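# Structural description and commentary
Okay, here's what each chain looks like letter by letter:
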Amino acid sequence: MLKDITIGQYFPGDSVVHRIDSRFKIILDILYVVMLFVADNFISLAVAGIFILMAYAVSGIKAVMMLKSLKPIMPLILFTAILNLFFVNGTGDPLVEWWIITIHEEGITTAIFMIVRIVCLIIGMSLLTYTTSPIVLTDAIERLLSPLKKIKLPVHELAMMMTIALRFIPTLIEETDKIMAAQKARGAELDTGGLMKRAKALVPILIPLFVSAFKRANELAMAMECRCYKGGDGRTKLRQLKARPADYMVFMLVLTVLGFVIVDNVVF
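All residue numbers refer to position in the chain's written sequence, counted from 1. Per-residue local features are limited, in this predicted model, to residues with pLDDT of at least 70; the limit for side-chain atom pairs, both in listing and counting, is 80 or more; totals at the level of whole chains, interfaces and linings are taken over all residues. Excluding hydrogens and water, the side-chain values take into account all heavy atoms of the structure.

### Notes on the packing of helix α8 (residues 155–185) against helix α10 (residues 203–226)
Where α8 contacts α10, the axes come no closer than 10 Å and their chain directions differ by 140°. Taken together, the axes of α8 and α10 lie oblique to each other. At the point where α8 passes α10, the crossing takes the right-handed sense. Residues I164, F168, T171, L172, E175, T176, I179, M180 and Q183 of α8 touch α10, and the partners they reach there are P204, I205, P208, L209, S212, A213, R216 and L220. Taken together, the residues of the contact of α8 with α10 sort by class into eleven nonpolar, four polar and two charged. To define axes, lines are fitted to C-alpha atoms, for helices over the stretch in contact only, and angles between the resulting N-to-C directions are given on a 0 to 180 degree scale. Numbering of helices and strands runs from the N terminus; a helix is a DSSP stretch of H or I covering at least four residues, while a strand is a stretch of E covering at least two. Roughly parallel here means an angle under 35 degrees, roughly antiparallel means over 145, roughly perpendicular means 65 to 115, and every remaining angle is called oblique. By convention, the crossing between two helices is left-handed when the near helix turns anticlockwise from the far helix through less than a right angle, and right-handed when the turn is clockwise. Any two residues having at least one pair of non-hydrogen atoms within 4.5 Å are treated as being in contact. Throughout this entry, Asp, Glu, Lys and Arg are counted as charged residues, while Ala, Val, Leu, Ile, Met, Phe, Trp, Tyr, Cys and Pro are counted as nonpolar. The remaining residues, Gly among them, count as polar.

### Thoughts on a nonpolar patch on the surface
Patches were defined on residues exceeding 30% relative accessible area and lacking a salt bridge, with like-charge contacts within 9 Å and nonpolar side-chain contacts (Val, Leu, Ile, Met, Phe, Trp, Tyr) within 5 Å. For accessible areas, the Shrake-Rupley method is used with a probe of radius 1.4 Å. Any residue's cover is judged against the shown protein chains and nothing else. What counts as a salt bridge is simple: a side-chain nitrogen of Lys or Arg found within 4 Å of a carboxyl oxygen of Asp or Glu. Where nonpolar side chains cluster on the molecular surface, the patch consists of F42, L95, V96, W98, W99, I100, I108, I112 and V116 and spans about 980 Å² of accessible area. Among the elements of the structure, β1 (96–98) and α6 (105–130) are those that each provide at least two residues to the nonpolar patch. The element contributing the most residues to the nonpolar patch is α6, with three residues. With respect to the helices and strands, V116 occurs in helix α6. When its relative accessible area of 32% is taken as the criterion, V116 is described as partly exposed. Categorising residues by exposure relies on relative accessible area from a 1.4 Å probe, with only protein chains included: less than 20% of the type maximum marks a residue as buried, more than 50% marks it as exposed, and the intermediate range marks it as partly exposed.

### Some points on helix α5 (residues 74–87)
The end-to-end C-alpha distance of α5, which contains 14 residues, comes to 20 Å, matching closely the 20 Å that a straight helix rising 1.5 Å per residue would cover. Burial in α5 covers these residues: I77, T80, A81 and N84. Along α5, the residues classed as buried sweep out an arc of 100° about the axis, all on the same side. With respect to the buried face of α5, the exposed residues turned more than 90 degrees away are P75, F79 and F87. For α5, the secondary structure elements touched by its buried residues are α6. Here the expected span of a helix is defined as 1.5 Å times the quantity of residues minus one. Note that the arc is computed from the directions linking the helix axis to the C-beta atoms.

### Overview of the nonpolar core
Each nonpolar core is a collection of buried residues, namely Ala, Val, Leu, Ile, Met, Phe, Trp, Tyr and Cys, held together in the definition by side-chain atoms within 4.5 Å. Counting 29 residues, the largest nonpolar core has Y32, M35, I52, Y56 and L127 as the members making the most contacts within it. Looking at this core, the elements with two or more residues in it are α2 (22–38), α3 (42–59), α4 (63–70), α6 and α11 (245–267). Look past the residues within four positions of I52 in its chain and what remains in contact with it is Y32, I123, G124 and L127. Formed by seven residues, the second largest nonpolar core is a distinct cluster that contains A140, I141, A159 and L241.

In structure tokens, the structure reads:
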């Protein structure tokens, strides 16, 4: 069900990962993405995978949450695996050769490698929203982008829009699930038939979903105007972001793992 999708959700906690400064979390997430794309062999990828699994274990986030974070991108994972499986050519004889289908050992290896990389990427990015509230995430994005204010970039408004969009993902998913349940109760067949029939069946879902989304956006805008919201000029912060020694230790740990991955790629 759509309600099982956990993108954009926050799970309160008091773990080490929850207590890391949100600015450091964003930077560490970026370094982790760099780590995944720098890794070009299974040893480096395994190190990155073990690192993120240990982070989940320390954070207290259940393993089922990792599986739920992968649910929306399963078609993308399968599509990527199929492309690499059938279109990556090897130097030796093919393992399977039938009609226009040719599968080499390199294709299988590349497909597995890409699947693991995408899975690690998604669960790593999901950990950021799982352990950071939208309000704190907004403050962190604004603080990190604050140097861009010198070139007149509306940093506060940009951070606000990004966080609102992230926050409303679970709301829209829940709304979609309710609309689908209502349409099925009226006899709509959403899970049967061919591709064109299923595409046409989405129309009664998308129209009320867009109407609901625009209505929520209008209500939110009116609520912000009623509270005299005029952007970030002259605003003070209820929560001040302060880096602790533990944040720098975690930062050095991630840099160490990234350095190991780079050295492993050069050596092997």
